[in-house]
Amino acid sequence: MEVEGKIIVKLPLASGVSKAGNNWSKQEYVLETQEAYPKKIHFSFFGDRANQYPLEVGEQVRLSFDIDSHEYNGRWFTSINGWKAEKIDANAAQQPMQQPAPMAGVPGTVPPPPVDFSPAAGDNDDLPF
């Protein structure tokens with residue numbers, strides 16, 4: 001899944017050692033979508049990705065993520081795990097869209113050449129109309 005928005009919170013890096021003796025780290029963020037009704041999305045990068053995608057507050061990003069839910073003691077917990085983040089150039093997003101081609105009959109435009117729909121000499125089709 002993907003979502004675009006602005007990073008509004010960067011939480012402190014969490015790290016530790018698992019019971020198996022492996023080092024782990026987790027970087028958490030909050031992203032706010034840029035919609036009519038903005039949504040705030042808490043997500044995290046785990047392991048190597050915590051350092052692979054260093055994001056800062058105020059950056060516009062496109063986040064690719066997975067949603068995972070698990071049960072613990074009869075309660076359900078859902079987490080959003082980022083697996084890729086692409087920074088979006090804010091200037092490119094604000095550039096105007098390309099203008100459509102001029103339309104015929106509109107002042108200041110050149111009309112297209114006329115199209116000849118008459119049958120060619122010797123053209124014999126068997127269409128009923």
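Residues numbered from 1 in each chain as written. Predicted model: local features only at pLDDT ≥ 70, side-chain atom pairs only at ≥ 80, totals over all residues. Heavy atoms only, no water.

A word on the nonpolar core
Across soluble globular proteins, you tend to see nonpolar side chains buried next to one another.
Part 1: By size, the foremost hydrophobic cluster in this structure holds 14 residues, and its most contacted members are Ile7, Leu31, Phe43, Phe45, Leu55 and Leu63.
Part 2: Elements with a contribution of two residues or more to this core: β1 (2–10), β3 (23–33), β4 (40–46), β5 (60–72) and β6 (75–87).
Part 3: The contacts of Ile7, once residues within four sequence positions are left out, are Tyr29, Val30, Leu31, Phe43, Leu55, Glu56, Val57, Gly58, Glu59 and Val61. (Core = buried A, V, L, I, M, F, W, Y, C linked by side-chain atoms within 4.5 Å. Buried < 20%, exposed > 50% of the residue type's maximum accessible area, 1.4 Å probe, protein only. Helix = DSSP H or I, 4+ residues; strand = E, 2+ residues; numbered from the N terminus. Contact = heavy atoms within 4.5 Å.)

Here we look at unusual backbone geometry
Part 1: The backbone of Asn73 sits at a positive phi, close to 55°, despite the residue not being glycine.
Part 2: In this fold, Asn73 is placed in the loop between β5 and β6.

Considering the pattern of salt bridges
Side chains bearing opposite charge may pair, as long as their charged atoms lie close to each other.
Part 1: If you walk through the whole model with that rule in mind, you get 8 salt bridges.
Part 2: Across the pair Lys10 and Glu56 runs a salt bridge, and its minimum N-O distance is 3.1 Å. Of this pair, Lys10 sits in strand β1 while Glu56 sits in the loop between α1 (49–52) and β5, placing them 46 residues apart in sequence.
Part 3: A relative accessible area of 35% places Lys10 in the partly exposed class.
Part 4: One salt bridge in this structure joins Glu28 and Lys26, with 3.9 Å as the shortest N-O distance.
Part 5: Overall, Glu28 belongs to the buried group, its relative accessible area being 18%.
Part 6: Accessibility expressed as a relative area gives 26% for Lys26, which makes it partly exposed. (Salt bridge = Lys/Arg side-chain N within 4 Å of Asp/Glu carboxyl O.)

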